[in-house]
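# An overview of the molecular structure
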Amino acid sequence: MLLSLTPGGALVLDHWGADGGSARGEDYLPRRPSNWPWDRAFLDGVPLAYPVYGDPTFKEPCLCLVYEDGTRVARLAFREDRIVKLKGRPTLELLFVDSVHDLVLAHRFAVYAEHDLIGRAARLQNDGERPMRIERALSAGLGLPPGQYEAWTLHGQLGREYQLERRPLRPGKFITESRRGFTSHEANPWFAVSPTGETNEQHGPVWFGALAWSGSWTIVFEVERNEALSIVAGVQPFDFAWHLGPGETLETPALVCGYSEEGLGGASRVLHGYLAAEVLPERHRSTLRPVLYNSWEATGFDVHVEEQIALARRAAALGVELFVVDDGWFGARDSDQAGLADWVVNPRKFPRGLGELTDEVHCLDMQFGIWLEPEMVSPDSDLYRAHPDWIFHFPDREPTFVRDQLVLNFAREDVRANILAQLQRLLREQRIDFLKWDHNRPLTEVGWPAAPRERQREVWVRHVHGVYEVIAQLRVEFPDLLIETCAAGGGRADLGILALTDQVWLSDNTDAADRLLIQYGYSHVYAPRTMVNWVTDVPNLQTGRESPLEFRFHVAMQGVLGIGGNVLRWTAEECDRARELVTEYKRLRPIIQQGRQYWLLPPASNGPCAVQYVTNDRRQTVVLLYQLLAMGGRGRGRVRLRGLDPTRRYRRAADGAESTGAAMMAIGLPIVFLQSTGLPHDGDWGSKAELWQAVDG
Ligand code: DGJ
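Here's what I pulled together on the structure shown here. For clarity, every value in this text was computed on a predicted model and none was experimentally measured. (Residues numbered from 1 in each chain as written. Predicted model: local features only at pLDDT ≥ 70, side-chain atom pairs only at ≥ 80, totals over all residues. Heavy atoms only, no water.)

## So, the overall build of the protein chain
Broken down by element type, the protein chain carries 12 helices and 38 strands. Principal axes of the C-alpha set define a box for the protein chain whose edges measure 80 × 65 × 45 Å. When the 697 residues of the protein chain are sorted by exposure, 59% land in the buried category. Put simply, 69% of the contacts in the protein chain that link residues at least 6 apart link residues at least 24 apart. Here the protein chain has roughly 27200 Å² of accessible surface; of this, 50% comes from carbon and sulfur atoms. Of the side chains in the protein chain, 75 bear a positive and 92 a negative charge, and the two mean positions are spaced by 4 Å. (Helix = DSSP H or I, 4+ residues; strand = E, 2+ residues; numbered from the N terminus. Buried < 20%, exposed > 50% of the residue type's maximum accessible area, 1.4 Å probe, protein only. Contact = heavy atoms within 4.5 Å. Areas by Shrake-Rupley, 256 points an atom, 1.4 Å probe, with all protein chains shown as cover. Lys, Arg positive; Asp, Glu negative; His and termini not counted. Charge placed at Lys NZ, Arg CZ, Asp CG, Glu CD.)

## Regarding the site of the ligand
Taken together, the neighbourhood of the ligand is formed by 14 residues, with Asp 326, Asp 327, Lys 436, Asp 438 and Asp 508 sitting nearest. Residue Asp 438 places a side-chain N or O atom 2.7 Å away from a nitrogen atom belonging to the ligand. Take Trp 505: an N or O atom from its side chain is 3.3 Å from an oxygen atom of the ligand. For the ligand, whose unbound accessible area comes to 300 Å², protein coverage reaches 99%. Its residues assigned to classes, the shell around the ligand shows 6 nonpolar, 2 polar and 6 charged. (Near = heavy atom within 4 Å. Polar contact = N/O pair within 3.5 Å; in protein donor to acceptor, adjacent residues only side chain to side chain. Nonpolar A, V, L, I, M, F, W, Y, C, P; charged D, E, K, R; others polar.)

## Thoughts on helix H2 (residues 263-279)
Over its 17 residues, H2 runs 23 Å from end to end, which matches the ideal 24 Å to within 8%, given 1.5 Å per residue. By the criterion of burial, H2 is predominantly enclosed, with 14 of the 17 residues buried. (Expected span 1.5 Å × (residues − 1).)

## Considering the nonpolar core
Grouped together as the largest cluster of nonpolar side chains are 185 residues, with contacts concentrated most on Phe 323, Trp 329 and Phe 553. Looking at which element gives the most residues to this core, the answer is helix H8 (residues 459-477), with 9 residues. In contact with Phe 553, not counting residues within four places along its chain, are Val 535, Leu 561, Ile 563, Trp 570, Ala 578, Leu 581 and Val 582. If you look at the next biggest cluster of nonpolar residues, it comprises 16 residues, including Ala 610, Val 623, Leu 644 and Leu 669. (Core = buried A, V, L, I, M, F, W, Y, C linked by side-chain atoms within 4.5 Å.)

## Examining the side chain of Thr 183
In this fold, Thr 183 is placed in the loop between strand E11 (172-178) and strand E12 (190-195). Reaching out from Thr 183, the side chain makes a polar contact with the side chain of Asp 494 at a distance of 2.7 Å. Look past the residues within four positions of Thr 183 in its chain and what remains in contact with it is Ser 178, Asn 188, Pro 189, Trp 213, Ser 214, Gly 215, Trp 217, Gly 491, Arg 492, Ala 493 and Asp 494.

## A word on the packing of aromatic side chains
For the coordinates displayed, the defined rule picks out 23 aromatic pairs. A ring pair is formed by Tyr 149 and Trp 207, whose centres lie 6.4 Å apart and whose planes are at 80°; its orientation type is edge-to-face. With Tyr 149 in strand E9 (residues 149-155) and Trp 207 in strand E13 (residues 206-211), this residue pair connects regions lying 58 residues apart in the sequence. Consider the rings of Tyr 293 and Phe 323, whose centres lie 5.4 Å apart with planes at 10°: the pair is stacked. In this pair, Tyr 293 sits in strand E19 (residues 292-294) while Phe 323 sits in strand E20 (residues 322-325), placing the two residues 30 residues apart along the sequence. Phe 323 shares its class with Tyr 293; the two are buried. Among the aromatic side chains, those forming a connected cluster through ring pairs are Trp 16, Tyr 149, Trp 207 and Tyr 259. Just above the ring of Phe 238 sits the side chain of Arg 179; from NZ or CZ to the centre is 4.2 Å. (Phe/Tyr/Trp six-rings, centres within 6.5 Å; stacked < 30°, edge-to-face > 60°. Lys NZ or Arg CZ within 6 Å of the ring centre and 35° of its normal.)

Next comes the structure, spelled out in structure tokens:
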């Protein structure tokens, strides 16, 4: 990144991305000033690192505020630069000051040299004696010179999360955002930008960024009048305001940004490496995630100890390592109409206590996990009856019910204390190794009437901080807990929540074909070790589609394998095959969960589709191949591998076939699916996992 100051003192991000290997600041030839006098008066089209309302520009700002005297323009002058250590990271801090009102703005650039990433954030400090009102405080601005660009973003809805979208950026704005109070299914806080037509999965320049924030957020792409691209990103300014009293500070979440010349795949591998080494909670960062069983699709709310024990026994026999009881085990939870926020074991469903199940699960040599939805409350619950004012609301306005539940305001200290105490009690009393932390509705009527009027709109941010605080406290007291983030499927995956949780449930859509697209999009940002996928029953509950057991397993193997069907109804033959496939997955798991991921063929058409994982030492690779629907006459193709050592010989574990890294990357593997008869098969639903290992010597 190359930074400078305009003559007027605004911070410019002259360049980010390739440095040619040796470029230094003094080698940078400055932009030519415009020959139009009007242009020279304004900073539009100039790549500002943090446009401020008050700078001479009309572009989308990062900062808007109101001083107590009503002044709405900030004039920030550079004061000093310094290198500080923040969270153990060398961080460049550039301090700017509005001396009339004693506002100090620190721009932070945390350097992750080994990942080739920069973490951008801003910190506002009121050094004066009067309060000020911050109306927007984004994390960072990024600019690219005039040109033609396209953006890649993730969109969808419940059951169709993480669809990778590509669109040209034309003059004007494109905004991707959440206003729902959480990360959302509709969009994910990540972007990639590339010069139009130059970039694909494997090749080409790509600039990318991801926000570490689990509340409402915005990313604005603005093609300016000279076709320069300005991108600003951060906490959603809609309905937000922050009262910054004397001596107070406000810190934005980080926008992590980088550049790759290896296309979208290269960008994803950088983010995966960063997530694994810097973001995920340290305790489980490099441990292999267990194969899990989840009861949701099998038993829904109808949880009873006998059936759960039977499921656990069957799951253990299949090779499962973690047994999770989903929704329905607590309070008066017989349906989605009651019980949320009463985190006590339901005595009718567990007459001899939860210990009967947890003991059995541990005896079966599995870990035990449980579902929670701590930010939510059912009106039909003891907690709501005692504290109806703890939800988001405005007086005299009916709240919107979604799934018959309301949202607790975690900005409130008493709410956090109550929920934390309930969870602590549960975790102290029961032998629980894993939490699935769910969040099944967006925030509406986001009112906090008990707060001072000038602080009420801080709630969007304080609530998220409150959620982070409760999870962080649990992690301190129960450091071995493994935590899965979930929000009605994949509504909450981001670099913020992933600093506190270990893995993600990314969609309630468990149909293997749909899932390929969902996993494809998700894995462009988040590492396979965080991506939980279940094998469920057919016909699929969401789509009614039938696909073979083997195909379902091979799709679910892409990240953290889980089983979510009613295994008590599986035939003996299915169970035998499932056991073999779980064993196969365990063998491949270190390579899939901890290797480098390459999408070789996207799941865009009928097929074939392929994804590959390579260990860091390039000695082992796994290729997962799928053929959704066959097309008569297409014949069998090849798929070229990536990331291998060209000089090595590799051997296929299944049959001992050998080839070199060079040949497999240049010519590729023939795509052949075998039927159970052992004959080549070009039909629908072909799938397989191939393991190749370097031949020593
Ligand atoms: C939504 C989740 O995505 C499901 O997996 C399940 O946990 C349900 N909530 C339970 O209510």
